[in-house]
Amino acid sequence: MSPRRRALRSALWTVIVVCGLAYATSLAVPLWFQANGQRLLIVTSGSMAGDDQGAFDAGDAVVMRRIDDPSQLRVGQVATFWPAGSDQLVTHRIIALRNLPVMQQDEATGKMVQTYDPETGEALTRPYIFTKGDANLEPDPDATPLSQVRGIILDVYPRWGWVLDWAGSAQGRAAMLVPPLAALAALEVVSLLDDRRARRAAGEQRRPSARERHDDALLLG
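What counts as what
- Residues numbered from 1 in each chain as written.
- Predicted model: local features only at pLDDT ≥ 70, side-chain atom pairs only at ≥ 80, totals over all residues.
- Heavy atoms only, no water.
- Helix = DSSP H or I, 4+ residues; strand = E, 2+ residues; numbered from the N terminus.
- Rg over C-alpha atoms; globule rule 2.2 N^0.38 Å.
- Contact = heavy atoms within 4.5 Å.
- Areas by Shrake-Rupley, 256 points an atom, 1.4 Å probe, with all protein chains shown as cover.
- Expected span 1.5 Å × (residues − 1).
- Buried < 20%, exposed > 50% of the residue type's maximum accessible area, 1.4 Å probe, protein only.
- pLDDT = per-residue confidence, 0-100.
- Phe/Tyr/Trp six-rings, centres within 6.5 Å; stacked < 30°, edge-to-face > 60°.
- Pairing = 2+ DSSP bridges.
- Polar contact = N/O pair within 3.5 Å; in protein donor to acceptor, adjacent residues only side chain to side chain.

Enquirer: What should I look at first to understand the overall build of the protein chain in this one?
Expert: When you go through the protein chain residue by residue, the secondary structure sums to 4 helices and 9 strands. Ordered by position from N to C terminus, the α and β elements of the protein chain give α-β-β-β-β-β-β-β-β-β-α-α-α. Taking 17 Å as the expected radius of gyration for a compact globule of 221 residues, we find that the protein chain reaches 31 Å, considerably beyond that expectation. Considering only residue pairs separated by 6 or more positions, the protein chain has 61% of its internal contacts joining residues 24 or more positions apart. In the structure as shown, the protein chain presents an accessible area of about 14,500 Å², 56% of it carried by carbon and sulfur atoms.

This is the structure we're talking about:
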C-alpha cells in the first residue's frame with residue numbers, strides 16, 4: 001500500500017473515531033447523571049450570574065437532584081422550580097422558607113379567605129419558598145409552594161450548556177454523524193479499489209468482464 005493510501009485510510013479512521021466518540025459522549029453524559037438520580041439542566045439566562053457560591057451564567061450546565069422531603073431545603077440553596085403560571089423551569093436561590101395560610105374563595109362574598117381544619121379548628125398553612133436570582137436587584141414576585149420545587153442544584157459545569165445544546169440540535173447531530181458515515185463509504189470504495197489492484201498485480205491477466213468495467217467506472221467516477 002502506498003504512503004498516500006495509508007495516510008488517506010488513517011485520516012478516514014480518525015474522522016470515524018473522533019465523531020463516533022463525540023456522539024457517544026453526547027448520549028452517555030446525560031444518561032450517566034440520570035442513572036445517579038440527577039439531571040443536567042442548561043442555563044439560558046444570566047439571572048444567577050455573580051461571585052456567590054453556586055452562581056452560574058447563561059451557557060453553563062447545572063446538576064439538579066430531586067428532593068424527597070421539604071426538610072431537605074435550606075435558605076441559601078439554589079433550587080429549581082415551576083413558577084406560578086409558567087411552563088418554564090426557573091433556578092434561583094432560596095432567601096426564605098415560610099408557612100403561608102391556605103386560602104380559598106368564599107362562595108358568598110367571592111373573596112379569598114383563610115381555610116381552617118374542620119376537626120381541630122386550626123388555620124391551615126402550606127410551606128413556600130421565597131427566591132431571588134443572584135444578579136437580580138429584586139426578589140421574585142411570587143412565593144412558590146414546595147410542591148412546585150423540582151430539586152436543588154449540586155454542581156455547576158461552566159460552558160457545558162452550549163456544548164450540550166449544540167450536540168442535541170439537528171446541526172450538531174448532523175456534524176457528528178454525517179462525516180463518519182461518509183468516511184465509512186470512502187473506506188469501502190478504497191478497499192474495493194485496492195482489492196482490484198492487488199488481484200491485477202498478482203498476475204490475473206484475464207480480460208475484465210463487462211460488470212467489472214461497469215463497477216470501475218462507477219468507483220472512479
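Enquirer: How do you make sense of helix 3 (residues 170–201) when you look at a structure like this?
Expert: Because an α-helix completes one turn every 3.6 residues, residues spaced three or four positions apart along the sequence face the same direction. Between the first and last C-alpha of helix 3 there are 46 Å, a value that for 32 residues agrees with the 46 Å anticipated at 1.5 Å per step. For helix 3, every residue scored as buried is listed here: Gly 172, Met 176, Pro 180, Ala 183, Leu 187, Val 190, Leu 193, Asp 194 and Arg 196.

Enquirer: When you look at the confidence of the model for the protein chain in this model, what are you seeing that I'm missing?
Expert: Regions with low pLDDT carry predicted coordinates that are not meant to be interpreted in detail. Averaged over every residue, the pLDDT of the protein chain is 86; residues scoring 70 or more account for 90%. Mean pLDDT across the secondary structure elements of the protein chain bottoms out at helix 4 (residues 210–220), with 59, and peaks at strand 3 (residues 78–81), with 94.

Enquirer: Where do I start with the environment of Gln 34 in this structure?
Expert: Along the chain, the position of Gln 34 falls in helix 1 (residues 3–35). We classify Gln 34 as exposed; its relative accessible area is 52%. As for Gln 34 and Arg 65, which are separated by 31 residues in sequence, their C-alpha atoms are 9.5 Å apart.

Enquirer: Looking at this model, I keep getting lost on the packing of aromatic side chains. Mind explaining?
Expert: The relation between two aromatic rings is expressed through the spacing of the ring centres and the mutual angle of the planes. A complete count under the given rule lists 3 aromatic pairs for this structure. Seen from their ring centres, Trp 32 and Phe 33 are 5.1 Å apart, and the 90° between their planes marks the pair as edge-to-face. Given the relative accessible area of 5%, Phe 33 is considered buried. Aromatic side chains Phe 33 and Tyr 157 sit 6.1 Å apart centroid to centroid with 70° between the ring planes, which places their arrangement in the edge-to-face category. Remark: Tyr 157 occurs in strand 9 (residues 149–157) and Phe 33 occurs in helix 1; sequence separation between them is 124 residues. The rings of Trp 32, Phe 33, Tyr 157 and Trp 160 are connected pair by pair, giving a single aromatic cluster.

Enquirer: What's the story with the pairing of strand 7 (residues 125–132) in this structure? I'm lost.
Expert: Look at any regular strand and the pattern is simple: side chains alternate between the two faces of the sheet. Here strand 4 (residues 90–101) pairs with strand 7 via 8 bridges, running antiparallel. Bridging from a neighbouring strand, Arg 93 pairs with Lys 132 of strand 7. Summarising the sheet, strand 7 and strand 8 (residues 144–145) pair through 2 bridges and their orientation is antiparallel. Pairing of Tyr 128 across the sheet is with Pro 145, part of strand 8.

Enquirer: In this structure, what is going on with the side chain of Thr 91? I would like to understand it.
Expert: With respect to the secondary-structure elements, Thr 91 resides in strand 4. For Thr 91, a relative accessible area of 15% puts it in the buried group. Here the side chain of Thr 91 touches Thr 80 through a polar contact of 2.9 Å, side chain to side chain. Beyond its immediate sequence surroundings of up to four residues, Thr 91 is in contact with Leu 41, Met 48, Phe 56, Val 78, Ala 79, Thr 80 and Ile 153.

Enquirer: What am I meant to see in the side chain of Asp 134 here?
Expert: Inspection of the secondary structure assignment puts Asp 134 in the loop between strand 7 and strand 8. The exposure class of Asp 134 is buried, given its relative accessible area of 19%. Looking at Asp 134, its side chain comes within polar contact range of the side chain of Arg 93, at 2.7 Å. Beyond its immediate stretch of four places on either side in the chain, Asp 134 contacts Ser 47, Met 48, Ala 49, Asp 52, Ala 55 and Arg 93.

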